[in-house]
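Geometric and topological summary
Residue-level listing of the chains:
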Amino acid sequence: MTAPIAIIMGSQSDWETMRHAADTLAALGVACDTRVVSAHRTPDRLFAFAKGAKAAGFKLIIAGAGGAAHLPGMTAALTELPVFGVPVESRTLKGIDSLYSIVQMPAGIPVGTLAIGKAGAINAALLAASVLALSDPALSDRLAAWRKAQTDAVAERPEDKA
């Protein structure tokens, strides 16, 4: 059986950010498939992946990209599956370029855009798990437990050690 979530990224260097999505999904007991699929350097790989993702059994795609960040939008243009885009922080513009590229999709090609960097990768995983949890009561329970643990870890007073 194919993992329900595909995590794709534009280059190997994007793994430093996107691994946080994979780690979060693993903590929730959700399988994922990770791959490098560059919109610019491996366009044939991108087309084959995106066109075949639904038939391969994926339920949704998390796409991380830096710089021009065309991967999430191009993926969304080629598949009916939901695509969540994670802007990877770039050296030149600190990820603002990536954010603008992902968030400014034309009407009709939706990409759910998350925050730049690690926070965006983690939130993309949580959002993806929330979507899957709509039809998976066990995952819904694990997600609720994860959120409760996060809440419980916040000290009430600054001198309290959580």
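Residues numbered from 1 in each chain as written. Predicted model: local features only at pLDDT ≥ 70, side-chain atom pairs only at ≥ 80, totals over all residues. Heavy atoms only, no water.

1. What to know about the nonpolar core
- Ile5, Ile7 and Ile62 are the most contacted members of the largest nonpolar core, which totals 25 residues.
- Every element with two or more residues in this core is listed here: β1 (5-9), α1 (15-27), β3 (60-65), β4 (83-87), α5 (118-133) and α6 (137-152).
- It is α5 that provides the largest number of residues to this core, a total of 8 residues.
- Residues within four places of Ile5 in sequence aside, it is in contact with Leu25, Val30, Ala31, Cys32, Asp33, Phe58, Leu60, Ile62, Ala128 and Leu132.
- Formed by 20 residues, the second largest nonpolar core is a distinct cluster that contains Leu46, Phe49, Phe58 and Ile102. (Core = buried A, V, L, I, M, F, W, Y, C linked by side-chain atoms within 4.5 Å. Buried < 20%, exposed > 50% of the residue type's maximum accessible area, 1.4 Å probe, protein only. Helix = DSSP H or I, 4+ residues; strand = E, 2+ residues; numbered from the N terminus. Contact = heavy atoms within 4.5 Å.)

2. Quick notes on the pairing of β1
- In terms of burial, β1 is largely enclosed, as 5 of its 5 residues are buried.
- Where burial is concerned, the two faces of β1 agree: the one with Ile5, Ile7 and Met9 and the one with Ala6 and Ile8 are both buried.
- Direction of pairing for β1 relative to strand β2 (residues 32-36): parallel, over a ladder of 5 bridges. Within β2, the position partnered with Ile8 by the bridge is Arg35.
- As a crossover connection, the stretch from β1 through α1 into β2 is right-handed.
- Alignment of β1 against β3, held across 5 bridges, turns out to be parallel. Its bridge partner lying in β3, Met9 is registered against Gly64. (Pairing = 2+ DSSP bridges. Right-handed = clockwise from strand over helix to strand, strands pointing away.)

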